[in-house]
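Residues per chain are reported as follows:
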Amino acid sequence: MPRQLTLDIRPEPQPTLENFIAGANAELLARLRALALPHAFDAVYLWGPAGSGRSHLLRATRSAAASAGRRVVLLTGEEAGAELPAPPGGLLIVDDVDRLGEAAQIALFRTFNTARLAGLALLLSGPVPPLQLALREDLRTRIGQAIVYQVQPPSDEEKVASLIEQAGQRGLRIDDEVAGYMLRHAARDLPSLIALLDALDDASLERKRPVTLPLLRDTLDRLKREFRA
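Residues numbered from 1 in each chain as written. Predicted model: local features only at pLDDT ≥ 70, side-chain atom pairs only at ≥ 80, totals over all residues. Heavy atoms only, no water.

Q: Which parts of the structure should I look at to understand the overall build of the chain?
A: Along the backbone of the chain there are eight helices and five strands. Burial analysis of the chain (229 residues in total) assigns 43% to the buried set. Once local pairs closer than 6 in sequence are excluded, the contacts in the chain between residues at least 24 apart make up 66%. Approximately 11900 Å² of the chain is accessible, and the part contributed by carbon and sulfur atoms is 54%. (Helix = DSSP H or I, 4+ residues; strand = E, 2+ residues; numbered from the N terminus. Buried < 20%, exposed > 50% of the residue type's maximum accessible area, 1.4 Å probe, protein only. Contact = heavy atoms within 4.5 Å. Areas by Shrake-Rupley, 256 points an atom, 1.4 Å probe, with all protein chains shown as cover.)

Q: Teacher, can you tell me more about unusual backbone geometry here?
A: Among all residues except glycine, the phi angle is most often negative; among peptide bonds, the trans geometry is most common. Even without being a glycine, His39 presents a positive backbone phi close to 75°. The topology assignment puts His39 in the loop between helix 1 (26-35) and strand 1 (43-47). Classification of His39 as exposed rests on a relative accessible area of 68%. You will see that Lys208, though not glycine, has its phi angle at about 55°, which is positive. Along the polypeptide, Lys208 turns up in the loop between helix 7 (190-207) and helix 8 (213-228). Take Lys208: its relative accessible area is 75%, and that puts it in the exposed class.

Q: Can you walk me through the sheet that holds strand 2 (residues 72-76) in this structure?
A: Within a sheet, neighbouring strands are paired by backbone hydrogen bonds and run either parallel or antiparallel to one another. What the five strands build is an open sheet, ordered 2-3-4-1-5; its pairing is parallel. The strands lining the two open edges of the sheet, one partner per strand, are strand 2 and strand 5 (147-150). Pairwise comparison of adjacent strand axes, ignoring direction, gives a mean angle of 15° for this sheet. Relative to strand 5, strand 1 is paired through four bridges, and the arrangement is parallel. Within strand 5, the position partnered with Tyr45 by the bridge is Val148. (Pairing = 2+ DSSP bridges. Axes fitted to C-alpha atoms, helices over the stretch in contact; angles between N-to-C directions.)

Q: Hey, could you run me through the packing of helix 6 (residues 176-185) against helix 7 in this one?
A: Between two packed helices, the angle of one axis relative to the other and the distance separating the axes together describe the packing. Where helix 6 meets helix 7, the closest approach of the two axes is 11 Å, and the angle between their N-to-C directions is 125°. As judged from the angle between their axes, helix 6 and helix 7 are oblique. Every pair of crossing elements has a handedness; the one defined by helix 6 and helix 7 is right-handed. Here Val178, Met182 and Leu183 of helix 6 lie close against helix 7, whose contacting residues are Leu193, Leu196, Leu197 and Leu200. Its residues assigned to classes, the contact of helix 6 with helix 7 shows seven nonpolar, no polar and no charged. (Parallel < 35°, antiparallel > 145°, perpendicular 65-115°, else oblique. Left-handed = near helix turned anticlockwise from the far one by under 90°. Nonpolar A, V, L, I, M, F, W, Y, C, P; charged D, E, K, R; others polar.)

Q: Can you help me understand the pairing of strand 4 (residues 121-126) in this one?
A: Across a regular strand the side chains alternate sides, sitting on one face of the sheet and then on the other. Counting buried positions over the six residues of strand 4 gives six, a clear majority of the element. Every second residue of strand 4 is oriented toward a common face, with Ala121, Leu123 and Ser125 on one face and Leu122, Leu124 and Gly126 on the other, all of them buried. Relative to strand 4, strand 1 is paired through five bridges, and the arrangement is parallel. Residue pairing in the sheet places Ala43 in a bridge with Leu122 of strand 4. Handedness of the crossover joining strand 3 (residues 91-95) and strand 4 through helix 3 (residues 102-118) is recorded here as right-handed. (Right-handed = clockwise from strand over helix to strand, strands pointing away.)

Q: Just checking my understanding: could you explain helix 3 for this structure?
A: Residues separated by three or four positions in an α-helix point in the same direction, a consequence of the helix having 3.6 residues per turn. The end-to-end C-alpha separation of helix 3 is 23 Å, in line with the 24 Å expected for 17 residues at 1.5 Å each. A maximum bend of about 35° is found in helix 3 at Phe112. The complete set of buried residues in helix 3 reads Ala104, Gln105, Ala107, Leu108, Thr111, Phe112 and Ala115. Elements in contact with the buried residues of helix 3: strand 1, strand 3, strand 4 and helix 4 (137-144). Looking one or two places after helix 3, you find Gly119, whose phi comes out positive at around 65°. (Expected span 1.5 Å × (residues − 1). Bend = angle between axes of the 7 residues up to and from the residue.)

Q: What am I meant to see in the pattern of salt bridges here?
A: Opposite charge on two side chains allows them to pair when their charged atoms are near. In the structure shown here, the tally under the stated rule is 11 salt bridges. The partner of Glu78 in a salt bridge is Arg99, and the shortest N-O contact between them spans 3.7 Å. Of this pair, Glu78 sits in the loop between strand 2 and strand 3 while Arg99 sits in the loop between strand 3 and helix 3, and the two are 21 residues apart along the sequence. What makes Glu78 exposed here is its relative accessible area of 58%. In this structure, the salt-bridge partner of Asp218 is Arg207, at a minimum N-O distance of 3.2 Å. One end of the pair, Asp218, is in helix 8; the other, Arg207, is in helix 7, with 11 residues separating them in the sequence. Under the relative-accessibility criterion, Asp218 is labelled partly exposed at 31%. Assessed through its relative accessible area of 34%, Arg207 is described here as partly exposed. Sharing partners across several salt bridges, the network here consists of Arg54, Asp95 and Asp96. (Salt bridge = Lys/Arg side-chain N within 4 Å of Asp/Glu carboxyl O.)

The structure is reproduced here in structure tokens:
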């Protein structure tokens, strides 16, 4: 039986707009901070591939809105139904709009039409630009009329800096060589890299060894074996 890694029970850090690597997304982050405030009534659509940070940004905006005293609802496309919660003056967030069913697509289109009267802000996300979404034409057009941002992935240098910073928060010391090896030999999206960092933290504690390239290689080999098992 594969050994269960302790990262499986480690509390996941809460996503915030502050702990997102801004990189080329400074304007987007400013827009989301504004959207979280009461009396902001824009419709915003974010797009980017899996691992780009879309879900982090949506959950972070939900937290920011709640902290600002704004009523906020977050749904995934799969969860949405024929009736969408639309709190007056609030913020409705829908992740993965590409997964909306037919009834939910109609409901979201109607919500677009009544949002301004209800003082409702909308924050939506999907994997592709609006015109490429496999949705009803009327809904696709309305999403295309929103404020649209592509979530820009962090550069390799920003990923290395983030890994070193997050390692420090865990009491680990990793250098540029170890972080660079992680980028070259593991999945390159940041959530996967952070999961590998957690596994490396476990291995370091388990063996009472500092983080070195040999320990990283051993950890990667073990994870590959467990994945195949």
